[in-house]
Amino acid sequence: MDEALSWFGQASVVVSVLAVCWTMIWQNLQHIHLQQFFARNFNRRARRLAAVVDPYLSVTFEEYEGGRIKSSDAFEEVKAYLTTASTRDVRHLRAECGGGGSRRDAAADRDRLVLSMAKGEEVADVFKDVKVWWSAAAVPPPQDTVPWSRASRAERRFFRLDFHERHRDLVLNEYLTHVRRQGRDVMAKNRQRRLYTNILKEGYDDGFYRDVWTHVPFDHPKTFDKLAMDPAKKKEIIDDLDMFKKGKDYHKRVGKPWKRGYLLYGPPGTGKSTMVAAMANYLEYDVYDFELTSVNTNTDLRKLLIETKSRSIMVFEDIDCSLDVTGERKSKDEEDNEEKDGDPRRPKKKDTTSKVTLSGLLNFIDGLWSACGEERLIVFTTNHVDKLDPALIRTGRMDKKIEMSYCDFESFEFLARMHLHEDVVEVYRAQCDRVKALLEEVDMAPVDVGEHLTPKSPKELKLENVGPCLERLVTALLEKDKEDARSGPQAQVDGQDLVVVEDDN
Ligand SMILES: Nc1ncnc2c1ncn2[C@@H]1O[C@H](COP(=O)(O)OP(=O)(O)OP(=O)(O)O)[C@@H](O)[C@H]1O
Ligand SMILES: [Mg+2]
């Protein structure tokens, strides 16, 4: 009897220990991943058994894929996606300076922090009633990476997604796409937009090309609602930009690269550069300002193109001044010689125009390489549209041509309300009628009208005191009118330019 009792006692101790062990294993089953253990050590039948015991799968998103020193897009997207859930549900967060990268970024984005889960934290997410778990972890850096790279010395972070096997299709096909899209949207919202300019100089630096672009934060305040122009024309441009932004499927369907060319032309000070800023703000794109006079060859121009990102505007300001695009096409030999002149090892010609040729630029716009990247606008601005080679501005290269013109009365009203007061036109009716009559005779750019209207003292900010501002504009218009009349009989109108003929006496 005693023997039976002692056997029973021992058996119950063993059962209790097994029960405790099983509970612990069961609680942590999803992290233990028996499947991986069995997969490594046993045959297929054993793996099937493991799948019954541990039905959880996982996907990892590593910060650095392979030997790359730039963090992976998928990792950054997951990190951005998890920002909201992390700040809500996680106790330990990791904070990084916004902008990520050079010292210049850190200074510009000083106040902005990007928060993500700290190592060892876990957060749950629900998608279409299916629960999944995200966790953050890190492993030490591999020993065999490039020693001078900052990225290679840091520990390798990764996010892991755990989910039940029965949701495999939903998670892999739908949820992960959802995560990446949402992550990209969050990144776009948090991102400080940038204004880039090219710094590619004498070619090689110890055998390697340096960065070809440098940037500053883009925070130009001009938007479409602060731009004076014909309202119908403005709406047409905004609709065109909307169509372009939503045009991914359309461009794919018709087999066109997802890009669009704009030509902005008109006299100085009529708002061409301002229009580029308004477009960039409307579309929330970065701006690449191409300084062609410091691009040596067509090859360098292509390199600059390759290094631009999608969702951006590529601007070529005053294209007629920075390149010989006057319609006199050069022979092949001449172009070849120019290519050689652009060789960084050759002494350079002293001139201000670029060594980039017209054909190089035409290829840039719609050659094979132009299809790299997507969702990009190419904008040319010029004061002399008539001087441009027709090939450069033909439809397909420049899809939309926008003329920016001298100030008319409608634009004046717009500028007066913006600079002075909402009711200025109604209150100062007589002076405004005077301006209207003068603007029908005199060409004045919006930049000058705006300058004359700008209040010159705090007193002039009040509606009852804006009279002098309008008077200044009237005086300037009268002077311009007189000046035009004086030069009129002796001047020849050349396009939008006045070429004054010297008086012999
Ligand atoms: N249509 C406009 N509406 C509002 N502001 C304008 C307009 N046109 C010009 N301005 C103002 O005038 C200034 C100069 O304009 P902008 O530089 O855009 O002219 P531009 O046409 O590019 O001249 P340029 O041919 O000399 O480069 C800007 O500060 C802008 O605010
Ligand atoms: Mg300009």
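Residues numbered from 1 in each chain as written. Chains lettered and ligands numbered in written order. Predicted model: local features only at pLDDT ≥ 70, side-chain atom pairs only at ≥ 80, totals over all residues.

If you check an unreviewed UniProt entry, the protein appears there as AAA-ATPase from Dichanthelium oligosanthes. Per UniProt, the protein carries the Cofactor (unreviewed entry) text "Mg(2+)". In its Sequence similarities (unreviewed entry) section, the UniProt entry covering the protein states "Belongs to the AAA ATPase family. BCS1 subfamily." (UniProt positions renumbered as here; feature names shortened; annotations may be inferred.)

Colleague: I'd like a rundown of the overall build of the protein, residues and numbers included.
Modeller: Summing up its helical and strand segments, the protein has 21 helices and 17 strands in all. By residue count, 25% of the 505 residues in the protein fall in the buried class. Here the analysis covers contacts within the protein between residues at least 6 apart in sequence; of these, 70% occur between residues at least 24 apart. (Helix = DSSP H or I, 4+ residues; strand = E, 2+ residues; numbered from the N terminus. Buried ≥ 20, exposed ≤ 12 C-beta atoms within 10 Å, placed from the backbone. Contact = placed C-beta atoms within 7 Å.)

Colleague: Mind laying out the site of ligand 1, listing which residues take part and the relevant values?
Modeller: Around ligand 1, 15 residues are found, and the nearest of them are Pro268, Gly271, Ser273, Thr274 and Val447. Of all the secondary structure elements, the ones that give two or more residues to the shell around ligand 1 are helix H11 (272-283) and helix H20 (446-453). Within the shell around ligand 1, the residues separate by chemical class into 7 nonpolar, 7 polar and 1 charged. Of the domains in this structure, domain 2 (196-403) and domain 3 (411-500) are the two that each give at least three residues to the shell around ligand 1. (Near = placed C-beta within 6 Å. Nonpolar A, V, L, I, M, F, W, Y, C, P; charged D, E, K, R; others polar. Domains from an automatic or database assignment.)

Colleague: Break down helix H8 (residues 168-190) for me, with residues and values.
Modeller: Along an α-helix, a turn takes 3.6 residues, which lines up residues three or four apart on a common side. The end-to-end C-alpha distance of H8, which contains 23 residues, comes to 31 Å, matching closely the 33 Å that a straight helix rising 1.5 Å per residue would cover. Along H8, the sharpest change in direction is near 35 degrees and occurs at Tyr175. Buried residues of H8: Val171, Tyr175, Val179 and Gly183, and no others. (Expected span 1.5 Å × (residues − 1). Bend = angle between axes of the 7 residues up to and from the residue.)

Colleague: I'd love a proper account of the sheet that holds strand E11 (residues 259-265), names of residues and values included.
Modeller: Strand order in the open sheet made by the 7 strands is E10-E7-E12-E13-E14-E11-E15, with mixed pairing throughout. Here the strands that pair on one side only, and so sit at the sheet edges, are strand E10 (213-217) and strand E15 (400-403). Within this sheet the neighbouring strands show an average axis-to-axis angle of 20 degrees, counted without direction. (Pairing = 2+ DSSP bridges. Axes fitted to C-alpha atoms, helices over the stretch in contact; angles between N-to-C directions.)

Colleague: Residues and numbers for the environment of Ser312, please.
Modeller: Here Ser312 shows up in strand E13 (residues 312-316). The exposure class assigned to Ser312 is buried, which follows from the 21 C-beta atoms found within 10 Å. Sequence separation of Ser312 and Tyr288 is 24 residues, and the distance between their C-alpha atoms is 7.1 Å. Ignoring sequence-local partners within four residues, the contact set of Ser312 consists of Tyr285, Asp286, Val287, Tyr288 and Arg376.

Colleague: Let's hear about the sheet that holds strand E6 (residues 156-164): which residues, and what values?
Modeller: Strand order across the open sheet formed by 4 strands is E1-E6-E5-E4, with antiparallel pairing between neighbours. For this open sheet the edge positions go to strand E1 (56-62) and strand E4 (122-127), each flanked by a neighbour on one side alone. In this sheet, neighbouring strand axes are inclined to one another by 25 degrees on average, regardless of whether the strands run parallel or antiparallel. Note: E1 against E6, 7 bridges, orientation antiparallel. Bridged to Val59 within E6 is Leu161. Against the sheet, H8 contacts E1, E4, strand E5 (130-139) and E6, and its axis sits at roughly 70 degrees relative to E5.

Colleague: Which residues make up the packing of helix H17 (residues 409-419) against H20, and what values do they have?
Modeller: Relative to each other, H17 and H20 sit at 35 degrees, their axes nearing to 10 Å. For the crossing formed where H17 meets H20, the hand is right-handed. Contacts between H17 and H20 pair Ser411, Phe412, Leu415, Ala416 and His419 from the former with Pro446, Val449, Gly450 and Leu453 from the latter. (Left-handed = near helix turned anticlockwise from the far one by under 90°.)

Colleague: For the pairing of strand E14 (residues 376-382), give the residues involved together with the corresponding values.
Modeller: For E14, the buried fraction is high: 7 of the 7 residues fall into the buried class. Burial of the side chains of E14 extends over both faces: Arg376, Ile378, Phe380 and Thr382 are buried on one face and Leu377, Val379 and Thr381 on the other. Inspection of the sheet shows E11 paired to E14 by 7 bridges, in the parallel sense. Bridged to Tyr262 within E14 is Val379. Judged from the 5 bridges that link them, E13 and E14 form a sheet pairing that is parallel. Across the sheet, the residue bridging to Phe316 is Phe380, located in E14.

Colleague: Can you explain unusual backbone geometry? Please cite residues and give values.
Modeller: With a phi close to 50 degrees, Arg311 is a non-glycine residue in the positive phi region. Looking at the secondary structure, you find Arg311 in the loop between helix H12 (298-306) and E13. The phi torsion at Glu375 lies on the positive side, around 55 degrees, for a residue other than glycine. Looking at the secondary structure, you find Glu375 in the loop between helix H15 (358-366) and E14. The exposure class of Glu375 is partly exposed, given the 19 C-beta atoms found within 10 Å.

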